[in-house]
Amino acid sequence: MRLVLYIDMDCFFAACEEVRHPEFKGKPLIVGTNSEKDRLRGVVQAANYEARKFGIHSAMPTRDAFKLCKELQYSPPDDLYYEETSKRIMELLSGYAKRIEVDSIDEAALEVEVEGYAEALEEGRRIKEQIKKDLGLPCTIGISTGKVIAKMVCDSAKPDGIKAVEANDVKDFLKDKDVERIPGVGKKTAEKLAALKVKDIGGLAKTDPMVLIDALGSFGRELFLIANGTDESIVEENVSVISISRERTLERNAQSIGEIEGMVNKLADEVIAEVKKQKLMFKSVGVKARYVDFTDRIKSRSLNSYTDSRDSLLAVANQLFKGLFGDKPVRKIGIRVSSLISVKGQRSLL
Ligand SMILES: [Mg+2]
């Protein structure tokens, strides 16, 4: 059966800072928006659980946070570091999934093909262990039939938790929850629902779907289905159709792979620089050779997981190029990466 594992890193930015500053561990910590010097003029981007105990939360002015807790530790933000860490996480996750949808810098939905919920839980525990071991970071995983409900299960299992809600139990799991707990339901939608006397998801489930559609359009239909335990959302890979490639004519025609080594390195550097600049990862590598008679040959291979690693690209490209040398000298070579996934995500203040 097909199930969705929703992974959300716990207090992501703060946890990243705790990894490289172990002295912060166990103490209340916030990551703000400003430099250390200007810390009282910014807002809280992330607070660890120790800081949350003082009532500190994201989007709060840092000045107020320091009023709530005198011993509060402060870290300025380091977007590059969080993005790099995020890439490592998504790379690791993509190795486990049939499909992966990156939802934000620290959240992703994985579609897995399993025998049942027990196997999905096992897989989830393996993922949690590996993220802890490789990156030192805690996360929470929610498992259900669709993306929206899996995310809600994940929210209910925080922090450092894992939980599955089977299809038959979804309605019961949801019924007492506030409508605003459904991803995509903001203040405006909640107000419209309140006008219909709908407060919790149980109430939503019992409302006439035509009334909901009247008030909210097709979103009303979706909400009705979710409230009744039917999650039609599917995991959609954020894959773009484009590829990134670089090619160059050789100064001298080449008869063997040894003669193109320098150029392969150079092209790989250029491709990787572009991949990083666009905040992408790739899963397919292709190489091309143009021979002296102007015929082309192309070889490509899919990798096991998404990556932006130069070493992985070089290893595969060199392997593939080996198969392109024979009797005809090569005059031009190219490297291409495709099956690209965007790891930009939107910034979520969690
Ligand atoms: Mg998070």
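Reading the values: rules and limits
Residues numbered from 1 in each chain as written. Predicted model: local features only at pLDDT ≥ 70, side-chain atom pairs only at ≥ 80, totals over all residues. Heavy atoms only, no water. Donors = N, O, S within 2.8 Å, 3.2 Å for Na, K, Ca; no water. Buried < 20%, exposed > 50% of the residue type's maximum accessible area, 1.4 Å probe, protein only. Helix = DSSP H or I, 4+ residues; strand = E, 2+ residues; numbered from the N terminus. Polar contact = N/O pair within 3.5 Å; in protein donor to acceptor, adjacent residues only side chain to side chain. Contact = heavy atoms within 4.5 Å. Pairing = 2+ DSSP bridges. Axes fitted to C-alpha atoms, helices over the stretch in contact; angles between N-to-C directions. Domains from an automatic or database assignment. 1 Å grid on protein atoms, 1.4 Å probe; cavity = no way out; pocket = protein on both sides within 12 Å on 5 of 7 lines; lining within 4 Å. Points joined across faces, edges and corners; volume = space filled by probe spheres on them. Nonpolar A, V, L, I, M, F, W, Y, C, P; charged D, E, K, R; others polar. Expected span 1.5 Å × (residues − 1). Arc of directions from axis to C-beta. Left-handed = near helix turned anticlockwise from the far one by under 90°.

**Looking at the coordination of the magnesium ion**
At step 1: Those protein atoms acting as donors to the magnesium ion are Asp8 (OD), Met9 (O) and Asp106 (OD), and they sit at 2.1 to 2.3 Å.
At step 2: Written as a sequence motif, the donor residues of the magnesium ion are D-M-x96-D. No difference in accessibility class separates aspartate 8 from methionine 9, as the two residues are buried.

**Digging into the side chain of threonine 307**
At step 1: Checked against the element boundaries, threonine 307 lands in strand β12 (residues 296–307).
At step 2: Residue class for threonine 307 comes out buried when judged on its relative accessible area of 3%.
At step 3: Here glutamate 91 takes part through its side chain, which lies 3.1 Å from a polar atom of the side chain of threonine 307.
At step 4: Apart from the residues within four sequence positions on either side, threonine 307 is in contact with Glu91, Met281, Phe282 and Ser312.

**Looking at the sheet that holds strand β6 (residues 107–113)**
At step 1: An order of β5-β6-β1-β7-β8 is seen for the five strands of this open sheet, with the pairing classed as mixed. Because the sheet does not close on itself, it has two edges, and the strands there are β5 (99–104) and β8 (162–164). Taking each pair of neighbouring strands and ignoring which way they run, the sheet shows an average axis angle of 15°.

**A few points about the domain arrangement of the protein chain**
Interface extent is often summarised as the accessible area lost during association of the parts.
At step 1: For the protein chain, the domain assignment lists domain 1 (2–12 + 80–170), domain 2 (16–78), domain 3 (171–227) and domain 4 (239–342).
At step 2: Between the C-alpha centres of domain 2 and domain 4 the distance comes to 44 Å.

**Quick look at the environment of isoleucine 213**
At step 1: Inspection of the secondary structure assignment puts isoleucine 213 in helix α10 (residues 209–216).
At step 2: In the structure, isoleucine 213 is positioned 10 residues away from leucine 223 in sequence and 9.4 Å away in space, judged by C-alpha atoms.
At step 3: Setting aside residues no more than four positions away along its own chain, isoleucine 213 makes contact with Gly220 and Arg221.

**Details of the layout of surface pockets**
At step 1: For the largest pocket, the calculated volume is near 200 Å³.
At step 2: Of all the secondary-structure elements, those providing two or more residues to the lining of the largest pocket are α1 (12–20) and α2 (49–52).
At step 3: Taken together, the residues that form the lining of the largest pocket break down as five nonpolar, two polar and six charged.
At step 4: Here the lining of the largest pocket spans two domains, and each of domain 1 (2–12 + 80–170) and domain 2 (16–78) adds at least three residues to it.

**Brief notes about the environment of lysine 37**
At step 1: Relative to the elements of secondary structure, lysine 37 occurs in the loop between β2 (29–32) and β3 (44–47).
At step 2: Separated by 90 residues in sequence, lysine 37 and isoleucine 127 have C-alpha atoms that sit 38 Å apart.

**What to know about helix α5 (residues 117–135)**
At step 1: Between its first and last C-alpha atoms α5 spans 26 Å; for 19 residues at 1.5 Å apiece the expected length is 27 Å, and the two agree.
At step 2: Taken as a whole, α5 has its buried residues at Tyr117, Ala120, Leu121, Glu123, Gly124, Ile127, Lys128, Ile131 and Leu135. Buried residues of α5, seen end-on, are gathered within an arc of 160° and therefore sit on one face of the element. Exposed and oriented more than 90 degrees from the buried face of α5 are Ala118, Glu129 and Lys133.
At step 3: Tucked inside the fold, the buried residues of α5 contact β1 (2–9), α1, α4 (79–94), β6, β7 (139–144) and β8.
At step 4: Immediately downstream of α5, the backbone of glycine 136 shows phi near 75°, a positive value.

**Considering the packing of α4 against α5**
At step 1: As a packed pair, α4 and α5 sit with axes 11 Å apart at the nearest point and diverge in direction by 145°. Once α4 is placed against α5, the crossing between them reads as right-handed. Residue-level contacts link Thr85, Arg88, Ile89, Leu92 and Leu93 of α4 to Ile127, Gln130, Ile131, Asp134 and Leu135 of α5.
At step 2: Residue composition of the contact of α4 with α5, grouped by class: six nonpolar, two polar and two charged.

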